[in-house]
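Close look at the chain arrangement
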Amino acid sequence: MSECNHDCSSCKSNCSDRKPTREDFLKPMNKYSNIKRVIGVVSGKGGVGKSLVTCLLASKCAKAGLKVGILDADITGPSVPKSFGVTSRAMQDDECLLPTVADGIKMMSINLLLEDVNSPVVWRGPVISGVIEQFWSDVRWGELDYLFVDMPPGTGDVALTVFQSLPVDGIVIVSTPQDLVKMIVNKAYNMAGMMNVPVLGLVENMSYYVCEDCGKKINIFGESKIDETAQELNLPVLAKLPINPRINKMVDAGRVYDVECNELDEFVSVLKGE
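Source: prediction; values computed, not measured. (Residues numbered from 1 in each chain as written. Predicted model: local features only at pLDDT ≥ 70, side-chain atom pairs only at ≥ 80, totals over all residues. Heavy atoms only, no water.)

1. Things to note about the environment of K63
Summarising the element assignment, K63 is placed in helix α2 (residues 50-63). On a C-alpha basis, the gap between K63 and C96 in space is 27 Å, while along the polypeptide they are 33 residues apart. Setting aside chain neighbours within four positions, we find K63 in contact with Y257, D258, V259 and E260. (Helix = DSSP H or I, 4+ residues; strand = E, 2+ residues; numbered from the N terminus. Contact = heavy atoms within 4.5 Å.)

2. Observations concerning the side chain of D74
Looking at the element boundaries, D74 is found in the loop between β2 (68-72) and α3 (80-83). Taking the relative accessible area as the measure of exposure, D74 reaches 9% and is therefore buried. With residues near it in sequence (within four places) discarded, D74 still touches K50, D150, M151, P152 and P153. (Buried < 20%, exposed > 50% of the residue type's maximum accessible area, 1.4 Å probe, protein only.)

3. Re the environment of V162
Examined against the element boundaries, V162 turns out to sit in helix α5 (residues 157-165). C-alpha of V162 to C-alpha of G40: the two residues are 122 residues apart in sequence and 8.4 Å apart in space.

4. Considering the packing of aromatic side chains
Working definition: an aromatic ring pair is given by the centre-to-centre distance plus the angle between the planes. In this structure the tally under the stated criterion is 1 aromatic pair. Both rings, one in Y146 and one in F148, keep their centres 6.1 Å apart while their planes meet at 20°; by these two values the pair is stacked. You'll find Y146 and F148 in the same group, each marked buried. Seen from the ring of Y257, K63 lies directly overhead, with NZ or CZ sitting 5.0 Å from the centre. A cation over an aromatic ring shows up here: K217 above the ring of Y208, its NZ or CZ 4.3 Å from the ring centre. (Phe/Tyr/Trp six-rings, centres within 6.5 Å; stacked < 30°, edge-to-face > 60°. Lys NZ or Arg CZ within 6 Å of the ring centre and 35° of its normal.)

5. Quick word on the pairing of strand β6 (residues 105-108)
Pairing between β2 and β6: 3 bridges, direction parallel. Each residue of the ladder has a partner; that of L71, found in β6, is M108. With 3 bridges connecting them, strand β5 (residues 100-102) and β6 associate as antiparallel partners. Among the inter-strand pairings, A102 is bridged to a residue of β6, identified as I105. (Pairing = 2+ DSSP bridges.)

6. Considering helix α6 (residues 181-194)
The terminal C-alpha atoms of α6 lie 20 Å apart, and with 14 residues this matches the ideal 20 Å at 1.5 Å per residue to within 8%. Within α6, the full set of buried residues consists of V181, I184, V185, A188, M191 and A192. What you see down the axis of α6 is that its buried residues fit within an arc of 130°, all on one side. Two residues or fewer past α6, N196 is found with a positive phi of approximately 60°. (Expected span 1.5 Å × (residues − 1). Arc of directions from axis to C-beta.)

7. Focus on the pattern of salt bridges
The tally for this structure, following the rule as stated, stands at 10 salt bridges. Here D150 and K50 are joined by a salt bridge, their closest N and O atoms 2.9 Å apart. Pair noted here: D150 is in strand β7 (residues 143-150) and K50 is in helix α2, with a separation of 100 residues, a long-range link. Each member of the pair, D150 together with K50, is buried. (Salt bridge = Lys/Arg side-chain N within 4 Å of Asp/Glu carboxyl O.)

Right under this line is the structure:
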């Protein structure tokens, strides 16, 4: 029988009657790190350009004078280092892994630790989850205004690990203009709700194509449904990103930092507190 003489449901003592809270599952931040905000970039399915949006957001924030980093949590499909043209392996000191820095952005990815970046990561969920926790606790991130977490697609083990183990302040949901958009967004939205993580808004990638000859916007994948979905969920649409072959070429060349993406300016201004 409990000997507590107070309400254990909300106290921070290690009482037997107290129900676990989200804080109980958080992993400790690296002792040499001071990260002010953690933002997850998620999607309900693969192939929507989630990693691209992560890199563009980080680049925009860095250009705006913020100190930013990227934790590449897409362990089986890492693409962040290549997008920034990073080919060297991550280093470590006597205590910690050291993030690689490119264009002023700190990053950690499994591809920075592999001898061959083309080697597949054939690991089970618990091992992958352990790596994510190490990227948080064992990496010397230093001072950061924002750490962007490039999540794997879906709502599986890794997404659950990130939401439970890292102090995620909010998520950005990335989607595309397809008939399945509502279901895709709802999956990510509902998981965030289950984990008590705020949804900051939606980004629609591949929203339209601008004809280089006439300047007309062409909806290659059909009419966008993101506004309708956002209204139903009472969420803002943070940006609608166009299809631009030049962006693909720049990312393939490791020059994602040089991409101009004015569509994200307003959201980055909010993050900067303007």
